[in-house]
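Each chain, written out:
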Amino acid sequence: MAESKTVKTDSMKVERGSGNVFADLALPDSDAHLVKADLVARIDKIIRERGLKQVEAANLLGLSQSDVSRLLRGNFREYSMERLMRLLTVLGRDVNIVVRKSHSERSGRLSVEA
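Residues numbered from 1 in each chain as written. Predicted model: local features only at pLDDT ≥ 70, side-chain atom pairs only at ≥ 80, totals over all residues. Heavy atoms only, no water.

Some words on the overall build of the protein
Operational definition: Strands here are runs of E lasting at least two residues and helices are runs of H or I lasting at least four, both read from the DSSP assignment and numbered beginning at the N terminus. Two things to know: the radius of gyration comes from C-alpha atoms, and the globule rule equals 2.2 Å times the number of residues to the power 0.38. Burial classes follow relative accessibility: with a 1.4 Å probe on protein chains only, a residue under 20% of its type's maximum area counts as buried, one over 50% as exposed, and anything between as partly exposed. Counted charges follow a simple rule, with Lys and Arg positive, Asp and Glu negative, and His plus the chain ends left uncounted. Here the site of a charge means NZ on Lys, CZ on Arg, CG on Asp, or CD on Glu.
Secondary structure summary: the protein contains five helices and two strands in total. Along its sequence from the N terminus, the protein presents helices and strands in the succession β-β-α-α-α-α-α. The C-alpha atoms of the protein give a radius of gyration of 17 Å, which is well past the 13 Å a tight globule of 114 residues would have. Relative to its 114 residues, the protein shows a buried fraction of 25%. Between the mean site of the 20 positive side-chain charges and the mean site of the 16 negative ones, the protein shows a separation of 2 Å.

Here we look at the nonpolar core
Heads up, the rule is: For the purposes of this section, nonpolar cores are sets of buried Ala, Val, Leu, Ile, Met, Phe, Trp, Tyr and Cys residues that join through side-chain atoms within 4.5 Å. Whether two residues touch is decided by their heavy atoms; if any such pair falls within 4.5 Å, the residues are in contact.
Judged by nonpolar contacts, the single largest core of 20 residues is most densely connected at Ile43, Leu71, Leu84 and Leu87. Looking at which element gives the most residues to this core, the answer is helix α2 (residues 30–49), with six residues. Residues in contact with Leu84, not counting those within four places in the same chain, are Lys36, Leu39, Val40, Ile43, Leu71 and Tyr79.

Right, here's the structure in full:
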């Protein structure tokens, strides 16, 4: 996680985020939450690019329309990363998992790249 930086102006104090809002909010498993949010954002983008209505996306994904609605509104806590990756494969995307040595002394990190 990157260090946050506080900047003081004449009228207000502004704190620069770390790049992970879940870490900034001190939530447990913040890296996992960020990865899941990235996966959901990609699912949303694919659905929009295809011009699918939520009912059509639900039929394709094997979910209910209300589940798709909740997922796309950011309510993905009950979804595992594995399940979100499977949804991406149903939408015609390859998902690759790469494990490599961290470039820093700190522990490794989770991320999504496209």
